[in-house]
Amino acid sequence: MFVVTGATGNVGGELVRLLAAAGERVTAVSRRPGPLPEGVRHSAGDLGDPASLKAAFDGAGALFLLVAGHEPHAVLEAAKAGGVRRVVLLSSQGAGTRPGLYGQPAAFEEAVRGSGLDWTILRPGGFASNALAWAEPIRAHRTAAAPFADVALPVIDPADIAEVASVVLRRDGHAGRTYVLTGPQPVTPRERAAAIGQALGAEVRFVEQSREEARAQMLGFMPDQAVEGTLTILGTPTEEEQRVSPDVERLLGRAPRPFATWATRNLAAFQ
């Protein structure tokens, strides 16, 4: 049985669907139940409260783990007690390139490596779905705002992350591996806004924010350290952070989906 934490999220929800479609037994873990494929069991749980996860882990063989909460060792011990032998951690590229600013993912990675389980770490770059922050202003007045308008990064479609996770959970040969996941080419915020406009068939006006304007907005839903790490990567990425990784294509046998494909698939959010 596979346990998927964050089962209502952009990655977790798609991973649950893929595993269920492959005929696997799946337990979906989230604080509140959401729509699930037929045959998928829901277990209420919170990674911030490891004791709440014991029922989900009972009889499980593999775990898809998000970085959430502050007790990764307790979560992993509960997983091992339930029978889990393999863990796939959804970390962040920043845990490798800027561990000082991405302390929580780095701590989860350290815990996973020392857990005694077969482990695989996924380090995606920025998510294409972060553009959903533009949904309301694009619907209301066809405007998108972001800092660092012309700094390009190879953002990844969360559906590709889910497909990679499904592969490494279900197939042998990935234990002890760390994979960096990116999209097929770097794209700037200005180009991402234009791609949404093209999908809509209407111009989307791009407004460049200052770093401080963006920081104030992001602090409304992100902790300070995460905001600083994110803005540093967005504004002054390293060569590694701008590089297209080959790992998605190696694992899936196809190129990762471009941002424009994500925009078209999620067009309803912007209409």
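Residues numbered from 1 in each chain as written. Predicted model: local features only at pLDDT ≥ 70, side-chain atom pairs only at ≥ 80, totals over all residues. Heavy atoms only, no water.

**Observations concerning the sheet that holds strand β4 (residues 62-66)**
Two strands in a sheet stick together by hydrogen bonds in their backbones, pointing the same way (parallel) or opposite ways (antiparallel). Pairing is parallel across the open sheet formed by seven strands, whose spatial order is β3-β2-β1-β4-β5-β6-β8. In this open sheet, the two edge strands, each paired with only one partner strand, are β3 (41-44) and β8 (177-181). With direction set aside, neighbouring strand axes in the sheet form an average angle of 20°. The sheet contact formed by strand β1 (residues 2-5) and strand β2 (residues 26-30) spans four bridges and is parallel. If you follow Val3 over to β2, its bridge partner there is Thr27. Of the strands in this sheet, β1, β2, β4 and β5 (86-90) touch helix α1 (residues 10-21), which is tilted by about 160° from β1. Helix α5 (residues 103-113) rests against β4, β5, β6 (118-124) and β8 of the sheet, and its axis sits at about 160° to β6. (Pairing = 2+ DSSP bridges. Helix = DSSP H or I, 4+ residues; strand = E, 2+ residues; numbered from the N terminus. Axes fitted to C-alpha atoms, helices over the stretch in contact; angles between N-to-C directions. Contact = heavy atoms within 4.5 Å.)

**Structural notes on the packing of aromatic side chains**
A complete count under the given rule lists three aromatic pairs for this structure. For the pair Trp134 and Phe206, a centre-to-centre distance of 6.3 Å together with 80° between the ring planes defines the contact as edge-to-face. Residue Trp134 is located in the loop between β6 and α6 (135-141), and its partner Phe206 is located in strand β9 (residues 205-209); the two are separated by 72 residues in the primary sequence. In this structure, Trp134 and Phe206 share a single accessibility class: buried. A network of ring pairs unites the aromatic residues Phe259, Trp262 and Phe270 as a single cluster. The ring of Trp119 has Arg113 lying over it, and the distance from NZ or CZ to the ring centre is 5.6 Å. (Phe/Tyr/Trp six-rings, centres within 6.5 Å; stacked < 30°, edge-to-face > 60°. Buried < 20%, exposed > 50% of the residue type's maximum accessible area, 1.4 Å probe, protein only. Lys NZ or Arg CZ within 6 Å of the ring centre and 35° of its normal.)

**As for the environment of Phe206**
Here Phe206 falls in the buried class, since its relative accessible area comes to 14%. When the C-alpha positions of Phe206 and Ala194 are compared, they lie 8.1 Å apart, and in sequence the two are twelve residues distant. Contacts of Phe206, omitting those with residues within four sequence positions, involve Trp134, Ala144, Ala146, Ala149, Pro189, Arg190 and Ala193.

**Overview of the pattern of salt bridges**
Evaluation of the coordinates by the stated rule reveals 18 salt bridges. Among the ionic pairs, Arg86 bridges to Asp172, the shortest N-O distance being 2.7 Å. One end of the pair, Arg86, is in strand β5; the other, Asp172, is in the loop between α7 (158-170) and β8, with 86 residues separating them in the sequence. Salt bridges sharing partners connect three or more residues here, namely Asp160, Glu163, Arg254 and Arg257. (Salt bridge = Lys/Arg side-chain N within 4 Å of Asp/Glu carboxyl O.)

**Examining α1**
Helical geometry: 3.6 residues make up each α-helical turn, so side chains three or four residues apart lie on a common side. With twelve residues, α1 extends 17 Å from end C-alpha to end C-alpha; this agrees with the ideal 16 Å at 1.5 Å per step. When α1 is considered as a whole, its buried residues turn out to be Val11, Gly12, Leu15, Val16 and Leu19. The buried residues of α1 all sit within an arc of 130° when viewed along its axis, so they share a single face. Looking at the buried side of α1, the elements it contacts are β1, β2, β4, β5 and α7. Phi turns positive, to about 85°, at Gly23, one or two residues after α1. (Expected span 1.5 Å × (residues − 1). Arc of directions from axis to C-beta.)

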